[in-house]
Amino acid sequence: MSACIAPFSFHNPTAIEFGMGALARLPELVKNLGGKRALVVGDPGVHKAGLVDRVIAALGDDIPVITFTEVESDPDARSVDAGVKLAKPWNCDVIIGIGGGSAMDVAKAIGVMLTNPGNIRDYAGMGKISKPGVPVIAIPTTSGTGSEMTIWSVLSDREKNQKFGIGSILNCPRIALLDPELTMSLPPAITAATGIDALTHALESYVNTTTQPISEAMSEQSMTLIARSLRLAVMQPGNRQARADMLLASTIAAMAFNSTRLGLVHALAMPLGTRFHIPHGLVNAIMLPGVMRYNLPGSLAKFARIAQIFGEPIERLSLQQAAERSVSAIEKMKLDIGINARLGEFGMTESDLNDVAADAMLSGNVPVNPRQPTLEDIKTLLRAEL
Ligand SMILES: [Fe+2]
């Protein structure tokens, strides 16, 4: 670490409650927040899997509940409007968001819009929310997005064919309730893709130009858990230790990138996800090794450390060779967990390169990337994955 540490900020206002079966603590947590009337936000998949009913059962008769379970994947801002319309006349004073990133992102945004004026679209960007929202308890059922911990809600505006992020410390949930049992039934393909999302969070935060000592420690811990347990969680879905590791890894990675932002993989994930409807984890998995190889010169020592975390024997290698091993280690992991998708499978062609690259260049994740790309650099990275 540098002898002269640059000034930094680190905030994580979200409390963590972790444990197998931790869902049972929900009524106590709601009461501690002073909650008397709850809105439960989920998606149809979570509802169908019976998890919304488990939340309602856990709350018992003392806390009346209404539900909003129509959150779609890549949720439109209109989902937030619909949730607010439901929650306002109900005077709800606590929101429980259960599901993947989409459900939690919408739950957080509904919380904000119950106390702030206007429309959620007015808060696109960083730091625009002025009042704390209705408190949110976020319960993740996948291990990847980290939304239970982050300042971000990512929403779509389908009319403009765009995604936008709302980033504010006031958008963080009050409590992240982490119960690995709720992730046990995730199918291997979703476990794999969401796990790579968590890895990309930890890794991009670790090598970018705003990384700092606290986030670095969190990134290292997150990657250590992923190196130990992502393959196992995919190959042995019932492995409780692996599921617990992955849920923690995802949350810890989010604690890291909350303060640092991410990098070029996430800058590309936005336009690729919006235009070609590639699931977020998968698009990260497609782009990650190529972007790592491109970024190597910007952070050689960090990439060498990543190689070490992923079990590569680097002791006798030059720094350059050691750093390169991080890319092959991640490529190996991708193959082991069954991810070999390409952009072309989702309809992307050579004629799309320019527009996607131009959109990516606008992302706030580009200025912090360890190597500043040109439009042509990005097109070359995309072309290699067609
Ligand atoms: Fe992500």
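Just so it is clear, the structure is predicted and the values come from calculations on it, not from any experiment.

The rules behind each value
- Note on numbering: residues in each chain are counted from 1, in written sequence order.
- For a predicted model such as this one, the threshold for reporting local features is a pLDDT of at least 70, and the threshold for listing and counting side-chain atom pairs is 80 or more; totals across whole chains, interfaces and linings nevertheless cover every residue.
- Neither water nor hydrogens contribute to the side-chain values; these are computed over all heavy atoms in the structure.
- Strand pairing is defined by DSSP finding a minimum of two bridges between the two strands.
- In DSSP terms, a helix is any run of H or I states spanning at least four residues, a strand is any run of E spanning at least two, and both are numbered starting from the N terminus.
- Angles here are taken between N-to-C directions and fall from 0 to 180 degrees, while the axes themselves are lines fitted to C-alpha atoms, restricted in helices to the stretch in contact.
- In this description, contact between two residues means that some pair of their heavy atoms is separated by no more than 4.5 Å.
- Only a pair of cysteine sulfur atoms within 2.5 Å counts as a disulfide in this structure description.
- Each residue is placed in one exposure class: buried if its accessible area under a 1.4 Å probe, protein chains only, is under 20% of its type's maximum, exposed if it is over 50%, and partly exposed if it falls in between.
- UniProt positions are given in the numbering used here, feature names are shortened, and annotations may be inferred rather than shown by experiment.
- To qualify as a nonpolar core, a set must consist of buried Ala, Val, Leu, Ile, Met, Phe, Trp, Tyr and Cys residues joined through side-chain atoms within 4.5 Å.
- Domain start and stop positions are those given by an automatic or database domain assignment.

Draft legend 1. Looking closely at the sheet that holds strand S3 (residues 65–68). Spatial strand order, S1-S9-S6-S4-S2-S3: six strands in an open sheet with parallel pairing. Each edge of the open sheet is held by one strand with a lone partner, namely strand S1 (15–18) and S3. The sheet shows a mean angle of 20° between the axes of neighbouring strands, direction not considered. Relative to strand S4 (residues 94–99), strand S2 (residues 38–41) runs parallel, the two sharing four bridges. Within S4, the residue paired with Ala 38 across the bridge is Val 94. Where helix H4 (residues 77–90) meets the sheet, its contacts fall on S2 and S3, and the angle it forms with S3 comes to roughly 165°. In the packing of helix H5 (residues 101–113) onto the sheet, the strands contacted are S2, S3, S4 and strand S6 (136–140), and the crossing angle to S4 comes to about 165°.

Draft legend 2. Spatial organisation of the state of the cysteines. Tallying each qualifying case throughout the model produces zero disulfides. For the unlinked cysteine Cys 172, the closest cysteine sulfur is that of Cys 92, found at 19 Å. Cys 172 gets classed as buried once you look at its relative accessible area, which sits at 11%.

Draft legend 3. Inspection of the UniProt feature "domain: Alcohol dehydrogenase iron-type/glycerol dehydrogenase GldA" (unreviewed entry) in the protein chain at higher detail. Taking the numbering used here, the UniProt-annotated feature "domain: Alcohol dehydrogenase iron-type/glycerol dehydrogenase GldA" (unreviewed entry) corresponds to residues 13–180. Between the C-alpha atoms that bound residues 13–180 the distance is 22 Å, and the span itself is 29% helix and 24% strand.

Draft legend 4. Expanded view of the environment of Gln 308. Its location among the elements puts Gln 308 in helix H11 (residues 300–309). On the basis of relative accessibility, which here comes to 36%, the residue Gln 308 falls in the partly exposed class. Other than its neighbours up to four places away in sequence, Gln 308 contacts Ile 314 and Glu 315.

Draft legend 5. Structural detail: the nonpolar core. Counting residues in each nonpolar core, the largest one holds 72 residues, and the members touching the most others are Leu 268, Leu 272, Met 287, Phe 310 and Leu 382. With 10 residues, helix H8 (residues 240–257) is the largest single contributor of residues to this core. Both domains that meet at this core, namely domain 1 (15–183) and domain 2 (188–383), each give it at least three residues. Beyond its immediate stretch of four places on either side in the chain, Met 287 contacts Val 265, Leu 268, Leu 272, Leu 343, Leu 381, Leu 382 and Glu 385. Grouped together as the second largest cluster of nonpolar side chains are 27 residues, Val 41, Val 71, Met 113 and Leu 114 included.

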